[in-house]
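Listed below are the residues making up each chain.
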Amino acid sequence: PKRDAASGLTVAVSDEALQRSDRAAPVLLGDYEAWRHEAVPAAGGRTARYVIPTQTGKVEITCAASGGSAANVLALCERSASTLELGSQRTIALSAVAEAQEGRRLAASRLRLDRTEGRATLARARRQPAQIAAAEALARTHERAAARFGALLGGEAVAKAARETAAAYRTMAQAARRDSGTSWAEARAAVRSAEARLEQAIAAG
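Definitions and cut-offs
Position labels on residues start from 1 in each chain and follow its written sequence. It should be noted that, the model being predicted, local features are given only for residues of pLDDT at least 70 and side-chain atom pairs only at 80 or more, the latter also being counted only at that level, while totals for whole chains, interfaces and linings use all residues. Hydrogens are left out, water is left out, and the side-chain values use all remaining heavy atoms of the structure. Strands qualify as paired when DSSP identifies two bridges or more between them. Here a strand is any run of E in DSSP of at least two residues, a helix any run of H or I of at least four, and the numbering for each starts at the N terminus. Every axis corresponds to a line fitted to the C-alpha atoms, with the helix fit spanning only the stretch in contact, and the corresponding angles, defined between N-to-C directions, vary from 0 to 180 degrees. The contact rule is simple, with two residues in contact once any of their heavy atoms fall within 4.5 Å. Put simply, buried Ala, Val, Leu, Ile, Met, Phe, Trp, Tyr and Cys residues joined by side-chain atoms within 4.5 Å make one nonpolar core. Exposure classes here rest on a 1.4 Å probe applied to the protein chains alone. A residue is buried below 20% of its type maximum, exposed above 50%, and partly exposed in between. For classification purposes, an angle smaller than 35 degrees is called roughly parallel, one larger than 145 roughly antiparallel, one from 65 to 115 roughly perpendicular, and anything else oblique. In this scheme, a crossing is called left-handed if the near helix is turned counterclockwise away from the far one by less than a right angle; it is called right-handed if the turn is clockwise. Gly is put with the polar residues, along with every residue not named as nonpolar or charged; the nonpolar set is Ala, Val, Leu, Ile, Met, Phe, Trp, Tyr, Cys and Pro, and the charged set is Asp, Glu, Lys and Arg. Patches in this entry comprise residues that are over 30% relatively accessible and not in a salt bridge; like charges within 9 Å are linked, as are nonpolar side chains (Val, Leu, Ile, Met, Phe, Trp, Tyr) within 5 Å. Computed with a 1.4 Å probe, the accessible areas rest on the Shrake-Rupley method; for each residue, only the protein chains presented here act as cover. Salt bridges are identified by distance alone: a Lys or Arg side-chain nitrogen within 4 Å of an Asp or Glu carboxyl oxygen. In what follows, a disulfide is any cysteine sulfur pair within 2.5 Å.

### Some points on the sheet that holds strand β5 (residues 57-65)
So, point 1. Strands sit in the order β1-β5-β4-β3-β2 across an open sheet of five strands; the sheet is antiparallel. The sheet is open, and its two borders are formed by β1 (8-14) and β2 (25-29), each paired with just one other strand. This sheet shows a mean twist of 30 degrees between the axes of neighbouring strands, independent of strand direction.
So, point 2. Here strand β4 (residues 46-54) runs beside β5; their pairing, made up of nine bridges, is antiparallel. Residue Arg46 lies in a different strand from β5, and its bridge partner there is Ala65.
So, point 3. Against the sheet, helix α2 (residues 94-124) contacts β2, β3 (32-39) and β4, and its axis sits at roughly 75 degrees relative to β3.

### Brief notes about the environment of Ala108
So, point 1. By secondary structure assignment, the location of Ala108 is in helix α2.
So, point 2. Considered as a pair, Ala108 and Val158 are 50 residues apart in the sequence and their alpha carbons are 9.4 Å apart.

### Let's talk about the nonpolar core
So, point 1. With 16 residues, the main nonpolar core has Leu122, Tyr169, Met172, Trp184 and Val191 as its most contacted residues.
So, point 2. Elements with a minimum of two residues in this core: α3 (128-150), α4 (156-178) and α5 (181-204).
So, point 3. The element best represented in this core is α4, accounting for six residues.
So, point 4. In this structure Val191 touches Ala168, Tyr169 and Met172, once residues within four positions along its chain are discounted.
So, point 5. The next biggest cluster of nonpolar side chains, apart from the first, holds 15 residues, and it includes Tyr32, Cys63, Leu74 and Leu86.

### Section: the packing of α4 against α5
So, point 1. Two elements in contact, α4 and α5, have axes separated by 9 Å at closest approach and are oriented at 170 degrees. It follows that α4 is roughly antiparallel to α5 by the angle criterion. Once α4 is placed against α5, the crossing between them reads as left-handed.
So, point 2. Broken down by class, the residue content of the contact of α4 with α5 amounts to 17 nonpolar, three polar and five charged.

### A few points about a nonpolar patch on the surface
So, point 1. Nonpolar side chains collect at one region of the surface, where Leu9, Val11 and Val13 lie side by side and expose about 240 Å² of accessible area between them.
So, point 2. For Val11, the location among the structural elements is in strand β1.
So, point 3. The class of Val11 is partly exposed, set by a relative accessible area of 43%.

### A closer look at the packing of α2 against α3
So, point 1. α3 packs onto α2 with a crossing angle of 175 degrees between their chain directions and a minimal axis gap of 9 Å. The pairing of α2 with α3 is recorded here as roughly antiparallel in orientation. Facing α2, whose interface residues are Arg104, Ala107, Ala108, Arg110, Leu111, Asp114, Arg115, Gly118, Arg119, Thr121 and Leu122, α3 presents Gln131, Ala134, Ala135, Leu138, Thr141, His142, Ala145, Arg148 and Phe149.
So, point 2. Looking at side-chain class alone, the contact of α2 with α3 contains nine nonpolar, five polar and six charged residues.

### A look at the state of the cysteines
So, point 1. The final tally for this structure, using the stated rule, is zero disulfides.
So, point 2. Between Cys63, a free cysteine, and Cys77, which holds the nearest cysteine sulfur, the sulfur-to-sulfur gap is 3.1 Å.
So, point 3. According to the relative accessible area criterion, Cys63 is buried, its value standing at 0%.
So, point 4. Using a relative accessible area of 8% as the deciding quantity, one classes Cys77 as buried.

Structure, rendered in structure tokens:
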């Protein structure tokens, strides 16, 4: 409304990956399956935000009614939102998103279990052949994890981080072959950084 700039309808198309925080109450917004978030802004009034998952990210539709607006402003805004057409944006069913998120959770649990075992083996390795074998095994563990995440909807970022971690472990194996204390220390630092990035990617997904 012209006289109420804090009220109205906004639509934002994003290529950002879906986050766990995007999930909320499932609803139908016109023809689209969406999650509905409702909030009371600090300035008063009410907002209703809808997140619609798409093949490339998400569409966020926000309906807002300021504190001084008429009682039916939010309802009118949501009614208008229900008539929107997203054009070329290909949407995804909420059940498919939930299934993919559960798949990522299971893949993360499998990775952590395999990695714990691999790290224990590496920690016990005192001789060069055992260190090489343990580092190469951890590289394969992360390559398999990358394949699992890459096959899941929205798992590309985690798959990339897992591949980078696999590469770091391969560098560690090479350092062991060279029997260089300096190279080994650098490789261990690179592995720690890669694993931290991987954990961040898993947490974000």
